[in-house]
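Summary of the model geometry
Read off the chains here:
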Amino acid sequence: RDWILSFADWRAEWWAFTEGQANPVSYATQILQRELGVDLACDVGAGLPADQRFVGALTELAGVLAKGTASLKTAGVALLEALQAPAPLDVLTDVLLTRAGTPRQNIFKAALAAGDAALAIHVQVLQQVEQARHRVQEQTALRTNMHLFQAGQAYLEVLMRLMQARHEAGFQDIQWSVCTMLESSEQAEYLQYRLDARYRHLLLDEFQDTSPLQWRTLKTWLQAARDAEHAPTVFLVGDPKQAIYRFRRADPRLFDEAAAYLESEWGALRVTLNQSRRSGPAIIGLVNRVFGTLPDFGHFSPHEIAPDAAPDAVQLLESAEDSDAGSATAPSEGMRNPLETPRRGPGETRDAGEGRFFAGQIAQWVGPGGLTVDDPHTGKRPARYEDILVLVRRRGLLEPYERALRAARIPYLTRQRGGLLGTLEVRDIRQLLRFLVNPQDNLALAQVLRSPIFGAGDEDLLLLAPSVHWWSALQQTQESGVLVEAQYQLAVWMSWVARLPVHDLLDRILGGSNLVGRYQQRVPAALQASVEANLYAFLEQALNLDSGRYPSLSRFLQELDDLEFFEDDAPDEGGLGAVGNAVRIMTIHGAKGLEAPVVWLLEPREYRQRSEAGQWFVDWLPGEDRPQHFSLIPAKDALGPARLPRLEQEKRLNQQEDHNLLYVALTRARQLLVVSGRAEPEASAWFRQVSAAAPPEITVRRVAGPPCSKSLE
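Since the structure is predicted, the reported quantities are computational estimates derived from the model, not experimental observations.

With that out of the way, let us pick up the overall build of the protein chain. Along the protein chain, the regular secondary structure elements total 27 helices and 15 strands. The 713 residues of the protein chain split such that 47% are buried. Expressed as a percentage of contacts within the protein chain between residues at least 6 apart in sequence, the contacts between residues at least 24 apart total 73%. As displayed, the protein chain has an accessible area near 35,600 Å², and 52% of this comes from carbon and sulfur atoms.

What follows deals with the packing of helix α8 (residues 105–114) against helix α9 (residues 116–165). Orientation of α8 relative to α9, taken along the N-to-C sense of each, is 145 degrees, at an axis distance of 5 Å. Contacts between α8 and α9 involve Ile107, Phe108, Ala111, Leu112 and Ala114 on the former and, on the latter, Ala118, Leu119 and His122. Partitioning the contact of α8 with α9 into residue classes produces seven nonpolar, one polar and no charged.

Another point: the pairing of strand β8 (residues 388–392). Counting buried residues along β8, five of its five residues qualify, which places the element largely inside the surrounding structure. Both faces of β8 are covered, namely the face carrying Ile388, Val390 and Val392 and the face carrying Leu389 and Leu391. Alignment of β8 against strand β11 (residues 596–603), held across five bridges, turns out to be parallel. Its bridge partner lying in β11, leucine 389 is registered against valine 599. Sheet topology places β8 next to strand β10 (residues 583–587); four bridges connect them, and they run parallel. What sits directly across from valine 390, in β10, is isoleucine 585.

Before going further, it helps to spend a moment on the nonpolar core. Core analysis: the biggest nonpolar cluster contains 75 residues, and Leu449, Trp493 and Leu515 have the highest contact counts within it. Viewed by domain, this core spans two of them, domain 3 (277–320 + 348–411 + 581–706) and domain 4 (420–565), each represented by three or more residues. In this structure leucine 449 touches Phe454, Gly455, Ala456, Leu461, Leu464, Leu474, Leu483 and Ala486, once residues within four positions along its chain are discounted. Counting 35 residues, the second-largest nonpolar core is a separate cluster that includes Leu286, Ala591, Ala596 and Tyr663.

Turning to a nonpolar patch on the surface, a few remarks are in order. Nonpolar side chains collect at one region of the surface, where Leu203, Phe235 and Val237 lie side by side and expose about 290 Å² of accessible area between them. Relative to the elements of secondary structure, valine 237 occurs in the loop between β2 (233–236) and α13 (253–266).

Turning to the pattern of salt bridges, a few remarks are in order. Across all of its chains, the model carries 28 salt bridges by this definition. Two residues, lysine 592 and aspartate 209, come together in a salt bridge whose shortest N-O distance is 3.4 Å. Here aspartate 209 lies in the loop between β1 (201–204) and α12 (212–227) and lysine 592 lies in the loop between β10 and β11, a separation of 383 residues in the sequence. Overall, the relative accessible area of 15% leaves lysine 592 in the buried class. You can call aspartate 209 partly exposed: its relative accessible area is 22%. Arginine 393 is the salt-bridge partner of glutamate 603, the closest N and O atoms lying 3.5 Å from each other.

Glancing now at the packing of aromatic side chains. Applying the stated criterion across every chain, the model contains 25 aromatic pairs. Ring geometry for tryptophan 365 versus tryptophan 600: centroids 5.5 Å apart, planes at 55 degrees, classification tilted. Of the two residues, tryptophan 365 is situated in helix α15 (residues 346–366) and tryptophan 600 in strand β11; the sequence distance between them amounts to 235 residues. Tryptophan 600 matches tryptophan 365 in its accessibility class, with the two residues each being buried. Taken together through their ring pairs, the aromatic side chains of Phe7, Trp14, Phe17, Tyr27, Phe149, Trp616 and Phe630 make up a single cluster. The ring centre of tryptophan 10 lies 3.6 Å from the NZ or CZ of arginine 249, which sits over that ring.

Moving on, we get to the side chain of arginine 11. Note that arginine 11 resides in helix α2 (residues 11–17). Assessed through its relative accessible area of 9%, arginine 11 is described here as buried.

Following both chains from N to C, one finds helix α1 (residues 2–9) and α9 inclined at 60 degrees, their axes separated by 9 Å at the closest point. Where α1 crosses over α9, the handedness of that crossing is right-handed. Taking contact as the criterion, the partners of Trp3, Ile4, Leu5, Phe7 and Ala8 in α1 are, on α9, Thr144, Leu148, Phe149, Ala151, Gly152, Gln153, Tyr155, Leu156 and Leu159. In terms of residue class, the contact of α1 with α9 is made up of 11 nonpolar, three polar and no charged.

Once that is clear, we can look at α9. Between its terminal C-alpha atoms α9 stretches 72 Å, which fits the 74 Å expected from 50 residues at 1.5 Å a residue. With its phi angle positive at about 60 degrees, histidine 167 sits one or two positions after the end of α9.

Further remarks concern the environment of asparagine 145. The topology assignment puts asparagine 145 in helix α9. Placed 117 residues apart in sequence, asparagine 145 and alanine 28 show a C-alpha to C-alpha distance of 9.1 Å. The contact partners of asparagine 145, leaving out residues within four places of it in the chain, are Leu32, Trp616, Ser631, Leu632 and Arg643. Within the local environment of asparagine 145, its side chain forms a polar contact with the backbone nitrogen of leucine 632, the two atoms lying 2.6 Å apart.

What follows deals with helix α27 (residues 685–693). Listed as buried for α27 are Trp686, Phe687, Val690 and Ala693. Across the axial projection of α27, the buried residues extend over an arc of 140 degrees, all falling on one side.

Turning our eyes to something else, we now look at the pairing of β2. In this structure, β1 lies alongside β2, joined through four bridges in parallel fashion. When the sheet's bridge partners are listed, leucine 203 is paired in β2 with phenylalanine 235. Handedness of the β1-α12-β2 crossover: right-handed.

Glancing now at the confidence of the model for the protein chain. Looking at the protein chain, the pLDDT average stands at 85 and 88% of residues meet or exceed 70. Scored below 50 in pLDDT, residues 566–578 makes 35 contacts in the model with residues more than four places away or belonging to other chains. Low confidence marks residues 705–713, where pLDDT is under 50. Its contacts with residues over four positions away, or in another chain, come to 32 contacts.

Each value, and the rule that gives it
Residues numbered from 1 in each chain as written. Predicted model: local features only at pLDDT ≥ 70, side-chain atom pairs only at ≥ 80, totals over all residues. Heavy atoms only, no water. Helix = DSSP H or I, 4+ residues; strand = E, 2+ residues; numbered from the N terminus. Buried < 20%, exposed > 50% of the residue type's maximum accessible area, 1.4 Å probe, protein only. Contact = heavy atoms within 4.5 Å. Areas by Shrake-Rupley, 256 points an atom, 1.4 Å probe, with all protein chains shown as cover. Axes fitted to C-alpha atoms, helices over the stretch in contact; angles between N-to-C directions. Nonpolar A, V, L, I, M, F, W, Y, C, P; charged D, E, K, R; others polar. Pairing = 2+ DSSP bridges. Core = buried A, V, L, I, M, F, W, Y, C linked by side-chain atoms within 4.5 Å. Domains from an automatic or database assignment. Patch = residues over 30% accessible without salt bridge, like charges linked within 9 Å, V, L, I, M, F, W, Y side chains within 5 Å. Salt bridge = Lys/Arg side-chain N within 4 Å of Asp/Glu carboxyl O. Phe/Tyr/Trp six-rings, centres within 6.5 Å; stacked < 30°, edge-to-face > 60°. Lys NZ or Arg CZ within 6 Å of the ring centre and 35° of its normal. Left-handed = near helix turned anticlockwise from the far one by under 90°. Expected span 1.5 Å × (residues − 1). Polar contact = N/O pair within 3.5 Å; in protein donor to acceptor, adjacent residues only side chain to side chain. Arc of directions from axis to C-beta. Right-handed = clockwise from strand over helix to strand, strands pointing away. pLDDT = per-residue confidence, 0-100.

Structure (structure tokens):
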């Protein structure tokens, strides 16, 4: 299912790849077969016993093993029996290779001890077995892709009919339609004429984020305009060092391709700019040292600073593991009671300690005697929360930092793409709905009671802890005003479940029960707009999903779980108006084009790039009108050698983008740049890269444990 759905995401590239072909599936299969160099009709394993040279070498190797230990003799017999086996290649692989695919050491040592001739025979046998295994891998890849091409093409045909019936179009469909309309449709000449008449000057900003299909479309129009002697003025602006959107099909290599085309065909003038008007000497000096020596970081030349650049600073913060963390473990006897004993695992205490330091440092910057920022509008003034921009590669590791900010009552704002279902307030509402479906769910009830919905404390929950069924205990308690209110309100909401649609139920809970007001009373003022936006965005989601037609509340919850599992389909957090005086937490992708007086780049743990396994691989070279390769890599062990050169190139491009991400992050700061990471060799690759390149005057400050009082100043 995932492969077919992701195939549809690449449909514009698929259409370009198979353009003009009467049978797209047959064409794509033939292209892939030619590259893999295999024939599905060939039985690779059966070919080995028919190869007399191989049989002779295998027989000699078996003779060498027959002179060895009992296990070697058994292996030698198995080698000869493999020639008569129904699946000889499988038997030979099991005898000669380990599960990891490496030669078995006992056989290698036996051949080595028997002399050079025996060793050469062993190498020959291994090579032929390995070649046969590679051919089988390529056959498997071809067969898998052939079936996926068929299924994907059929799915696209149904999908397009359905979308046309609904008068819908995705971004991929629009791009492809515009491209084909400008190139070969009956309206092409008219459309080109209208574009020529309407636009005399063309400014293309952020061109490094252009996709091959977009460049093909643009180039078609420009060429037609030039041929018709109505060429517009073209101003192309971009920075390949800031190309960070390959996951959206952007290819920074097109920048050089487009520049060369405009220079040769249009007489364009290329102008470079390496002066920064944002950062001062400390930050720009660090940038020059980090990227100036990277051999694979193209388009980089040492940056200059503006003559009027303000003083700036760089701070490097290294988190060392707390020596006491290892002893902070759960009780040795019995299971930990989460209501009475907090989790004290090493990872938990360290994450929490780093979060507390993070929040404490921000509080010091904004508090009395803190930082002074040079505001371009008002001049020098004390730092505010809104002056601080926190950048992360991905949001998945931010929870301890956000928890620490909330505990310190520091306002912060974040808008996560696809992150609505993961926000604290929406998680509370989802747990409320789970409880309404299943009143025996004690964990859901505990979260609802503890949340701002009711604001119960630990002492309230301890009143319910002795009971097996908390809802029954809650209905009987009279010792806590909070719990008395909760039992009444929950009973009312439960009575609505059976007779109200999901959207109406949520509308009554959020509005009629003043739940939004409850949250606003219990969160910092700067977070109130964000919380309210997310709660109403969740209410809107009840209508967006299947137009609100749900047979039950449990079905709605299952739909939300499915959306959360498929991250690309997950709903965004609610939109915000003015940011206000709050710390901004953003991914580097979200911060593209932004700046701030203070930027803190957090890298708490190692980031691992997504594996190519299970992904569609499309190779579209700059300057070409269509992709040169289109296939799926189902698993690592199904990847033969034929596609390795293309994948190595893909890895180099991904590494280039990783450098670009770091470059974008470091160049967002105006006055203070802080980069933090962990000391362990397996963690925080960016931090190690930056600290290794830093000049002597920028020292690494080490922090162990949770020292909220230490300052970076």
